[in-house]
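So you can see what is in the structure, the chains are spelled out below.
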Amino acid sequence: MGTRPRTVAVVEDNPSMRTSVERLLNACGLRTEGYYSSAEAFLSHATPAKLGCVVLNMHLVGMSGMELRRRLKTAHSRLPIIFITATDDDALELEARRVGCLAYLQKPFAAASLIAAVKEALAGDAMD
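Because the structure is predicted, anything quoted here is derived from the model rather than measured.

Engineer: Explain the sheet that holds strand 1 (residues 7-11) to me, using residue names and the numbers behind them.
Structural biologist: The parallel open sheet is built from five strands, whose spatial order is 2-1-3-4-5. Every other strand in the sheet has two partners, leaving strand 2 (31-34) and strand 5 (103-106) as the edge strands with one partner each. Sheet twist, expressed as the mean angle between neighbouring strand axes with direction ignored, is 20°. Judged from the four bridges that link them, strand 4 (residues 81-85) and strand 5 form a sheet pairing that is parallel. Following the sheet pairing, Ile 84 is matched in strand 5 by Leu 105. Contacts between helix 3 (residues 65-74) and the sheet are confined to strand 3 (53-57) and strand 4, with strand 4 contributing the most and set at about 170° to the helix. Strands in contact with helix 4 (residues 90-98) are strand 4 and strand 5; relative to strand 5, the strand with the most contacts, it is inclined by about 155°.

Engineer: Lay out the environment of Gly 62 with the relevant residues and their values.
Structural biologist: By secondary structure assignment, the location of Gly 62 is in the loop between strand 3 and helix 3. Given the relative accessible area of 61%, Gly 62 is considered exposed. Measuring from C-alpha to C-alpha, the distance between Gly 62 and Asp 13 comes to 10 Å, with 49 residues separating the pair along the chain.

Engineer: Hey, could you go over the side chain of Lys 107 for me, with residue numbers and the actual values?
Structural biologist: Along the chain, Lys 107 falls in the loop between strand 5 and helix 5 (111-122). Given a relative accessible area of 19%, Lys 107 falls into the buried group. A polar atom in the side chain of Lys 107 sits 3.0 Å from the side chain of Glu 12. Contacts of Lys 107, omitting those with residues within four sequence positions, involve Glu 12, Met 17, Asn 57, Ile 84, Thr 85 and Ala 86.

The rules behind each value
- Residues numbered from 1 in each chain as written.
- Predicted model: local features only at pLDDT ≥ 70, side-chain atom pairs only at ≥ 80, totals over all residues.
- Heavy atoms only, no water.
- Pairing = 2+ DSSP bridges.
- Helix = DSSP H or I, 4+ residues; strand = E, 2+ residues; numbered from the N terminus.
- Axes fitted to C-alpha atoms, helices over the stretch in contact; angles between N-to-C directions.
- Contact = heavy atoms within 4.5 Å.
- Buried < 20%, exposed > 50% of the residue type's maximum accessible area, 1.4 Å probe, protein only.
- Polar contact = N/O pair within 3.5 Å; in protein donor to acceptor, adjacent residues only side chain to side chain.

Next up, the structure:
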């Protein structure tokens, strides 16, 4: 079994946050692909087999991050998901964990928390 691809997809509708996440991960030697503001763009343009994981905002314009995760799971995708959100909601976190996220990070989160979650995902230990 080979290692997971090292490209991280970033699906975030806030351009400043998306840029910050991508720059942080790039500074750690990781390649990123920003899918801008929508889950729909991710579904249209991403090649999941070439991705190591997805950093996914819960609340996006159009399809939510949670719905994107459900669609990927229905399609039998084993792509690790790291949810990020500005919402402090225990029920939402429980639902995110139920649908199989690797990590659930509330904004503003520590850079080290995101890096650790991404490294875990890319190590291949985070498969569903």
